[in-house]
Amino acid sequence: MSSSTYPADLSQDGHGVSNGIAVRSRGGPASKRIIVGYGFWIFLLSDIVMFSAFFAVYAVLSGATAGGPSGRQLFDLRNVAVETGCLLLSSFACGMASIGAMQRSLKTFQIAMAVTFVLGALFLALELQEFAGLIARGAGPRRSAFLSAFFSLVGCHGLHVTVGLLWLLTMMAQAWAKGFRDDILRRILCFSLFWHALDIIWVAVFTVVYLLGAAT
Amino acid sequence: MTNNDTPLGPNAAPRLDLDHAPGEVGALDENPRAAVIGYIVGLALAIGLTAGSFLLPLTGLVYAPALPVALVVMAIAQMGVHLVFFLHITTGPDNANNVLALAFGVLIVILLMGGSLWIMANLNHDMPAAAQVIQMQR
């Protein structure tokens, strides 16, 4: 078995092994890695559906400022651009970590995960700083329906990033303590899906909330 | 399992598996250099689209009322870049289940957001202004 092959989870769970063409025609249950990845993909899509409800609320309420400040007056696009850069590079580093895991290289994996964590934490720090600044200026979630929707939507994304950072540290610890076991590799796959999906949601956030909010 | 004693052994990779887990770098390009290049291409495209989104309102190149449409189009393009290069969702036959699930998710998202905006815009439109309500109550 070469070092760059996929996880060897097929023979353990009793599912079909499909190494050869003869087996392929027989079909049968997919490998556990595929089932786990697919299940997590379904979860992520339902998470995106939940986010779309928050987006719908924000879009409906974005004009309801109740005489308070509007997005154009509040948003600092330079800060948002830095946040976006952090999250994008963090997503890239996460991709490097999954390549490290694929190659069973603990060093590559841990370094890339550490970079992912630092960039994600930087994103979160900038977001919390922005929130604190808004609240200090009297533009907290209680000021208007617009700001309630803003804090719910962006805060929900920030909460996901927080959970993702905790999960990231867990994966670093598990890879270090248990090595690249099949179950650990499946968790790493799910984590990288989660982290990339958060970046996709952030694309929608910076466009709908910040850029459209500042432009209109 | 009789096919555990294939030449590659029971622990060999499922190279010819019919399905493809989402987020999995394709079995054909398990060459790590090709995988890294894929991520770099995705990163470059994403940076380009992000920079475009942030700079477009400043340049004034786009007719101002069309700016929201341009921004939304670039955001959708960037989401596509992320899906293809980072999440490895492709149109290949081994990815059909992932794409179908994604299509269903997108359908629900469009219905939810489009429906909410449509209904709320109509409600606002049909609602008499506060001054009119006061007038009616007299």
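Residues numbered from 1 in each chain as written. Chains lettered and ligands numbered in written order. Predicted model: local features only at pLDDT ≥ 70, side-chain atom pairs only at ≥ 80, totals over all residues. Heavy atoms only, no water.

Undergrad: I'd love a proper account of the overall build of chain A, names of residues and values included.
TA: Scanning chain A for helices and strands turns up seven helices and zero strands. Secondary structure of chain A in N-to-C order comes out as α-α-α-α-α-α-α. Burial analysis of chain A (216 residues in total) assigns 55% to the buried set. Taking the contacts inside chain A whose residues are at least 6 apart along the sequence as the reference set, 78% of them involve residues at least 24 apart. Accessible surface computed for chain A: about 8600 Å², of which carbon and sulfur atoms make up 66%. (Helix = DSSP H or I, 4+ residues; strand = E, 2+ residues; numbered from the N terminus. Buried < 20%, exposed > 50% of the residue type's maximum accessible area, 1.4 Å probe, protein only. Contact = heavy atoms within 4.5 Å. Areas by Shrake-Rupley, 256 points an atom, 1.4 Å probe, with all protein chains shown as cover.)

Undergrad: Describe the packing of helix H2 (residues 32-61) of chain A against helix H7 (residues 182-215) of chain A, listing the residues and the values that go with them.
TA: Residues and elements named next belong to chain A. Contact geometry of H2 with H7 gives a least axis separation of 10 Å together with a crossing angle of 20 degrees. Taken together, the axis directions place H2 and H7 in an arrangement best described as roughly parallel. Along this stretch, H2 crosses H7, giving a crossing that reads as right-handed. Each of Lys32, Arg33, Val36, Gly37, Phe40, Leu44, Ile48, Phe51, Phe55 and Tyr58 in H2 lies in contact with H7, whose residues at this interface are Leu185, Arg186, Leu189, Cys190, Leu193, Phe194, Ala197, Ile201, Ala204, Val205, Val208 and Val209. In terms of residue class, the contact of H2 with H7 is made up of 18 nonpolar, one polar and three charged. (Axes fitted to C-alpha atoms, helices over the stretch in contact; angles between N-to-C directions. Parallel < 35°, antiparallel > 145°, perpendicular 65-115°, else oblique. Left-handed = near helix turned anticlockwise from the far one by under 90°. Nonpolar A, V, L, I, M, F, W, Y, C, P; charged D, E, K, R; others polar.)

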